[in-house]
Amino acid sequence: MIGIFSISQKPGNSLLEKTLPKQNGIDLNITYNNTTVGLSKFYNSIIENTENDKYEAVICCHDDVCLRFTNLFTAAKDALINYDVVGVAGGTMPNIVDKNLWHWMMSSSEYRGIAAHGNKLESMFVTSFGPTPSEVRVLDGVFLMFNSKKIRQSGARFDEMFSWHHYDIDFSLTCVKKGVKLGVWPILIYHQSPGLRDMNDKNWVKSNDYFKLKWK
């Protein structure tokens, strides 16, 4: 079984809910109107809840994604044999810089994975960041797949000081430090969001400052 977890504003409104095919063996678990909690706290609660050990794979993803292009059962089975935490995009050699987004923390030759973007699902474009499958040292948090029991036992957790920004980069670096193997897999997802809109946003700046203080 696969458990998919996400946070959304209100029932039935997200792209994830609208486009995910109903399949036996896939449980969609969405927490609504809970934007004050933050992704790190939410994802930690998933890792620490032993009821989620029933899932062969747990997927933590944004609610503005479409997952219908890849057989998730096959991807989970194959990917989690090779890696402990699996994403769709990331990079191999992150360095702490002044403004930290995963793709700004390395040269483009170190990018790995694929993802689709665009204003509309019907006219999406696919970006090939680099080879996939591939081991990496940092993952984009739009899609993270793992076995919750294995991660719980590893001791890796999301830092709850990061609510909405840098949570994925920080978790990736923590995993590497604890010997948890990260990798990208050829799972095609469509992500509706354009990404960070304003690098001068006070919440992003505060998060970035804390990230640099923690990891430099």
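Read on for a plain summary of the structure. Remember, it's a predicted structure, so these values are computed and weren't measured experimentally.

### Topic: the sheet that holds strand β12 (residues 182-184)
- Strand order in this open sheet of seven strands is β2-β1-β3-β11-β5-β12-β9, and the pairing throughout is mixed. For this open sheet the edge positions go to β2 (26-32) and β9 (134-136), each flanked by a neighbour on one side alone. On average, each strand axis in the sheet is inclined to that of its neighbour by 25°, with strand direction left out of account.
- The sheet contact formed by β9 and β12 spans three bridges and is antiparallel. Note that in β12 the partner of Glu 135 across the bridge is Gly 183.
- Sitting on the sheet, helix α2 (residues 39-48) touches β1 (2-8), β2, β3 (57-61) and β11 (143-146), and the angle it makes with β1 is about 155°.

### What to know about the packing of helix α5 (residues 167-177) against helix α6 (residues 202-215)
- Where α5 contacts α6, the two axes come as close as 11 Å, and the packing angle between them is 15°. Viewed along their axes, α5 and α6 adopt a mutual orientation that is roughly parallel. As for how α5 packs across α6, the hand of that crossing is left-handed. Together, Ile 169, Asp 170, Leu 173 and Thr 174 of α5 and Phe 211, Lys 214 and Trp 215 of α6 make up the contact between the two elements.
- A per-class count over the contact of α5 with α6 returns four nonpolar, one polar and two charged.

### As for unusual backbone geometry
- Pro 133 follows Thr 132 through a cis peptide bond whose omega is 5°.
- Relative to the elements of secondary structure, Pro 133 occurs in the loop between β8 (125-130) and β9.
- With phi around 65°, His 166 is a residue other than glycine that occupies positive phi space.
- Mapped onto the elements of the fold, His 166 is located in the loop between α4 (148-154) and α5.

### Focus: the state of the cysteines
- As enumerated under the stated definition, the model contains zero disulfides in all.
- Cys 60 takes part in no disulfide bond, and the closest cysteine sulfur, belonging to Cys 61, lies 7.8 Å away.
- No disulfide involves Cys 66; its sulfur sits 11 Å from the nearest other cysteine sulfur, which is in Cys 61.

### Topic: the nonpolar core
- Counting residues in each nonpolar core, the largest one holds 59 residues, and the members touching the most others are Ile 4, Leu 67, Val 85, Phe 143, Met 145 and Ile 187.
- Formed by seven residues, the second largest nonpolar core is a distinct cluster that contains Leu 15, Ala 116, Leu 121 and Tyr 190.

### Regarding the pattern of salt bridges
- Going through the model one piece at a time under the given rule, you end up with six salt bridges.
- The closest approach of N and O atoms between Arg 157 and Glu 48, which form a salt bridge, is 3.2 Å. On the criterion of sequence distance, the pair formed by Arg 157 in the loop between α4 and α5 and Glu 48 in helix α2 is long-range, its members being 109 residues apart.
- According to the relative accessible area criterion, Arg 157 is partly exposed, its value standing at 22%.
- Among the ionic pairs, Arg 152 bridges to Asp 53, the shortest N-O distance being 2.6 Å.

### So, the environment of Val 176
- Inspection of the secondary structure puts Val 176 in helix α5.
- Residues Val 176 and Phe 162 lie 14 residues apart in sequence; the distance between their C-alpha atoms is 18 Å.
- The contact partners of Val 176, leaving out residues within four places of it in the chain, are Arg 137 and Leu 182.

### Description of the environment of Gly 90
- Within the secondary structure, Gly 90 is located in strand β6 (residues 89-91).
- In the structure, Gly 90 is positioned 46 residues away from Val 136 in sequence and 6.5 Å away in space, judged by C-alpha atoms.

Conventions adopted
- Residues numbered from 1 in each chain as written.
- Predicted model: local features only at pLDDT ≥ 70, side-chain atom pairs only at ≥ 80, totals over all residues.
- Heavy atoms only, no water.
- Pairing = 2+ DSSP bridges.
- Helix = DSSP H or I, 4+ residues; strand = E, 2+ residues; numbered from the N terminus.
- Axes fitted to C-alpha atoms, helices over the stretch in contact; angles between N-to-C directions.
- Contact = heavy atoms within 4.5 Å.
- Parallel < 35°, antiparallel > 145°, perpendicular 65-115°, else oblique.
- Left-handed = near helix turned anticlockwise from the far one by under 90°.
- Nonpolar A, V, L, I, M, F, W, Y, C, P; charged D, E, K, R; others polar.
- Disulfide = S-S within 2.5 Å.
- Core = buried A, V, L, I, M, F, W, Y, C linked by side-chain atoms within 4.5 Å.
- Buried < 20%, exposed > 50% of the residue type's maximum accessible area, 1.4 Å probe, protein only.
- Salt bridge = Lys/Arg side-chain N within 4 Å of Asp/Glu carboxyl O.

None of this, on its own, says anything about what the molecule does.
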